[in-house]
Amino acid sequence: MWERFDPAEYATIGAFLRDPKKVWEMLAEMIGVLACASPNPAHFGLAELESMGILRSVITQNVDGLHQAAGSRKVIEFHGNPGELVCISCWKRYPSLETIARGIPPRCDCGEILKPDIVFFGEPIPWGAQEESQVEARSCRVLIVAGTSAQVAPACDIPRIAKEHGAFIIEINPEETSLTRTVTDMHFRESASTVIPALAGEARKY
Ligand code: ZN
């Protein structure tokens, strides 16, 4: 979708507040696409590792809810979740799909615009998610970095924090990232959908 919608025009909080109707045209499409998406083998592999007691939590930059759909229980959503809308004035919350169905831009009972509960560029990361992910990073023995370009701060700091506290860093990415030569201990140059189910398969043998 970012080939059709310039993130500078559609994904910043400033753009949203300036022209909510325009940004809501993109958001409504995005929420519709996400509602039809389903988990891939990497999502299911992570859920299985968690159910085996090997994986403690998932920290995600995704806003699609697919980790939970695959069965992951402890999911820290760094960039929120568009399943709910929040009033920008009184913070009242509404379920996304049925509220959007009544027309865009969706409005609160108080008359103000509703915003999906996701983090736009220019907005702070939800405090709870930051706090929880830092605790996890400081205390884990192994951290797997998968499917991220590791470019968006502060999420990309988490592997560095884990490394500073003694964790072993496994990176799964077909490309090199800024972490590969500085933080990563072991790099699988393949997609998460290939490597994570394989890790779960190995773990199943023990
Ligand atoms: Zn309101």
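What you see is a predicted model, and the numbers here were worked out from it, not measured in a lab.

*Asks:* Would you mind going over the overall build of the protein in detail, with residue names and values included?
*Replies:* What the protein contains, in helices and strands, is nine helices and eight strands. Against the compact-globule benchmark of 17 Å for 206 residues, the protein has a radius of gyration of 18 Å, which places it among compact chains. Looking at the protein as a whole, 41% of its 206 residues are labelled buried. Long-range contacts, defined as pairs at least 24 residues apart, comprise 55% of the intrachain contacts of the protein with a sequence gap of at least 6. Summed over all atoms, the accessible surface of the protein reaches about 11,200 Å², with 54% contributed by carbon and sulfur. A gap of 2 Å separates the mean positions of the 20 positive and 27 negative side-chain charges of the protein.

*Asks:* Which residues make up the coordination of the zinc ion, and what are the values?
*Replies:* The zinc ion binds to the protein through Cys87 (SG), Cys90 (SG), Cys108 (SG) and Cys110 (SG); the donor distances cover 2.3 Å. Between the four donor atoms coordinating the zinc ion, the angles at the centre fall across 104 to 126 degrees, so the site counts as tetrahedral. Every donor residue of the zinc ion comes from the same chain, spaced as C-x2-C-x17-C-x1-C. What makes Cys87 buried here is its relative accessible area of 0%. Using a relative accessible area of 40% as the deciding quantity, one classes Cys90 as partly exposed.

*Asks:* With reference to specific residues and values, describe the domain arrangement of the protein.
*Replies:* Frequently, the measure chosen for interface size is the accessible area that the parts lose on association. Looking at the protein, the domain boundaries give domain 1 (1-36 + 80-118) and domain 2 (39-79 + 125-206). Taking only C-alpha atoms into account, the centre of domain 1 sits 28 Å from that of domain 2. At the interface, six residues of domain 1 touch eight residues of domain 2. Both sides of the domain 1 and domain 2 interface together cover about 470 Å² of buried area, and 49% of this is carbon and sulfur. Summed over the three residues of domain 1 that lose the most area to domain 2, namely Leu34, Gly80 and Asn81, the buried surface amounts to 80% of that side. Inspection of the domain 1/domain 2 interface yields zero salt bridges. The interface formed by domain 1 and domain 2 holds two residue pairs in polar contact (both at pLDDT 80 or more) in total. Residue assignment for the side of domain 1 that touches domain 2 shows that the elements contributing at least two residues are strand 3 (80-87) and strand 5 (114-118).

*Asks:* Tell me what's going on with the pairing of strand 5, and back it up with residues and numbers.
*Replies:* Burial runs high along strand 5: four of the five residues are buried. Looking at chain direction, strand 3 and strand 5 are connected through four bridges and run antiparallel. Residue Gly80 lies in a different strand from strand 5, and its bridge partner there is Ile118.

*Asks:* Quick one: what's the story with the pattern of salt bridges, residue by residue and with numbers?
*Replies:* With the rule as written, the count across this model stands at 15 salt bridges. Between Glu29 and Arg4 there is a salt bridge; the shortest N-O distance is 2.4 Å. Separated by 25 residues along the polypeptide, Glu29 in helix 3 (residues 20-36) and Arg4 in the segment before helix 1 (7-10) bring together distant segments of the chain. Arg160 is the partner of Asp157 in a salt bridge, and the nearest nitrogen-oxygen pair spans 3.9 Å.

Scoring rules and cut-offs
- Residues numbered from 1 in each chain as written.
- Predicted model: local features only at pLDDT ≥ 70, side-chain atom pairs only at ≥ 80, totals over all residues.
- Heavy atoms only, no water.
- Helix = DSSP H or I, 4+ residues; strand = E, 2+ residues; numbered from the N terminus.
- Rg over C-alpha atoms; globule rule 2.2 N^0.38 Å.
- Buried < 20%, exposed > 50% of the residue type's maximum accessible area, 1.4 Å probe, protein only.
- Contact = heavy atoms within 4.5 Å.
- Areas by Shrake-Rupley, 256 points an atom, 1.4 Å probe, with all protein chains shown as cover.
- Lys, Arg positive; Asp, Glu negative; His and termini not counted.
- Charge placed at Lys NZ, Arg CZ, Asp CG, Glu CD.
- Donors = N, O, S within 2.8 Å, 3.2 Å for Na, K, Ca; no water.
- Tetrahedral: all angles 85-135°; square planar, octahedral: opposite > 155°, others 65-115°.
- Domains from an automatic or database assignment.
- Buried area = accessible area lost by both parts, 1.4 Å probe.
- Salt bridge = Lys/Arg side-chain N within 4 Å of Asp/Glu carboxyl O.
- Polar contact = N/O pair within 3.5 Å; in protein donor to acceptor, adjacent residues only side chain to side chain.
- Pairing = 2+ DSSP bridges.

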